[in-house]
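Working through the structure, step by step
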Amino acid sequence: MFDFSPETQLLIFQISIFLLKSVFWLLIFLIWASVWSFLGVIIYRRYKEKKDWYTTLTERSHCNNCWHKLSYLELIPIFSFLFLKWKCRKCKTSIGWFHLLIEFVSAVDLLTLIFIFFWKETGYLFTGWLQEILLQPKKLAIMFGIFIIVCVIQVHWHRWLWDKIDLLLKIKKLKHS
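What comes next concerns the included structure. (Residues numbered from 1 in each chain as written. Predicted model: local features only at pLDDT ≥ 70, side-chain atom pairs only at ≥ 80, totals over all residues. Heavy atoms only, no water.)

Some points on the overall build of the chain
Assigned secondary structure in the chain consists of six helices and zero strands. Counted from the first residue to the last, the chain has its helices and strands arranged as α-α-α-α-α-α. In the chain, which comprises 177 residues, the share counted as buried stands at 29%. Across the chain, contacts joining residues at least 24 apart in sequence account for 53% of those joining residues at least 6 apart. Of the roughly 12,700 Å² that the chain leaves accessible, carbon and sulfur atoms contribute 71%. (Helix = DSSP H or I, 4+ residues; strand = E, 2+ residues; numbered from the N terminus. Buried < 20%, exposed > 50% of the residue type's maximum accessible area, 1.4 Å probe, protein only. Contact = heavy atoms within 4.5 Å. Areas by Shrake-Rupley, 256 points an atom, 1.4 Å probe, with all protein chains shown as cover.)

Below is the structure:
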């Protein structure tokens, strides 16, 4: 049906591999951003709303203003935040930028660690990095240790950020009263 030259076939193959790798890394990015989005909700509910563990883990995500339960499409990290234009879909209340920041920074952290520890001279990062992780437990242990440190720093930073936001809101209320 199609009669492509060998150069064109090679180009099509390279483009398809590039697209496949891009989708793969986008999925890794989104999955990890989802994990940190969930951890951010847990930190917020435990620290700010003072909820018990059962409620924290089982309650659906919602708008903090109108309590609108978020649909699954509204829970896609980063993209849903941008598509909703920083606002709740129902009450149009502004969503804090720190949610986007936590999701983005945490996903970039994971990808950075993978690239630092498992980048090969050949540049393959699709299946080769998984083999490298399994075959080199020392690298995996170092990466896991660094990752735990990054996680702890982010959790403490998130709690520190909530303290500062609370302080700013209290000052703002005092000025307006």
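Remarks on helix H1 (residues 6–48)
Spacing of three or four residues puts side chains on the same side of an α-helix, whose turn is 3.6 residues. Along its 43 residues, H1 runs 61 Å from first to last C-alpha, staying within 8% of the 63 Å computed at 1.5 Å per residue. Along H1, the positions that sit buried rather than exposed are Trp25, Phe29, Leu30, Trp32, Ala33, Trp36, Gly40, Ile42, Ile43, Tyr44 and Arg45. Just downstream of H1 lies Lys50, where phi reads positive at about 55 degrees. (Expected span 1.5 Å × (residues − 1).)

Quick notes on the nonpolar core
Counting 13 residues, the largest nonpolar core has Phe29 and Ile78 as the members making the most contacts within it. Elements with a minimum of two residues in this core: H1 and helix H4 (97–118). Of the residues forming this core, the biggest block, six residues, is contributed by H4. Excluding residues that lie within four positions of it along the chain, Phe29 makes contacts with Ile78, Phe104, Ala107, Val108 and Leu111. (Core = buried A, V, L, I, M, F, W, Y, C linked by side-chain atoms within 4.5 Å.)

Here we look at unusual backbone geometry
With a phi angle near 65 degrees, Trp67 is a residue other than glycine that sits in the positive phi range. Among the secondary structure elements, Trp67 is positioned in the loop between helix H2 (53–58) and helix H3 (79–83). Backbone geometry places Ile78, a non-glycine residue, at a positive phi of 65 degrees. Along the chain, the position of Ile78 falls in the loop between H2 and H3.

Some points on the layout of surface pockets
Leftover empty space is mapped by rolling, across the atoms, a probe with the size of a water molecule. Here the largest pocket defines a volume of roughly 1,200 Å³. Lining the largest pocket are 44 residues, and of these His62, Asn64, Leu70, Ile95 and His99 lie nearest its centre. Those elements giving two or more residues to the lining of the largest pocket turn out to be H1, H2, H3, H4 and helix H6 (137–176). Of the residues forming the lining of the largest pocket, the biggest block, eight residues, is contributed by H1. For the lining of the largest pocket, the class distribution of residues is 21 nonpolar, 14 polar and nine charged. (1 Å grid on protein atoms, 1.4 Å probe; cavity = no way out; pocket = protein on both sides within 12 Å on 5 of 7 lines; lining within 4 Å. Points joined across faces, edges and corners; volume = space filled by probe spheres on them. Nonpolar A, V, L, I, M, F, W, Y, C, P; charged D, E, K, R; others polar.)

Some points on the state of the cysteines
Enumeration according to the criterion identifies zero disulfides in this entry. Of all cysteine sulfurs in the structure, the one in Cys91 sits closest to Cys66, which takes part in no disulfide; the separation is 3.7 Å. Accessibility expressed as a relative area gives 30% for Cys66, which makes it partly exposed. (Disulfide = S-S within 2.5 Å.)

Interpretation in functional terms is not warranted from these geometric data alone.
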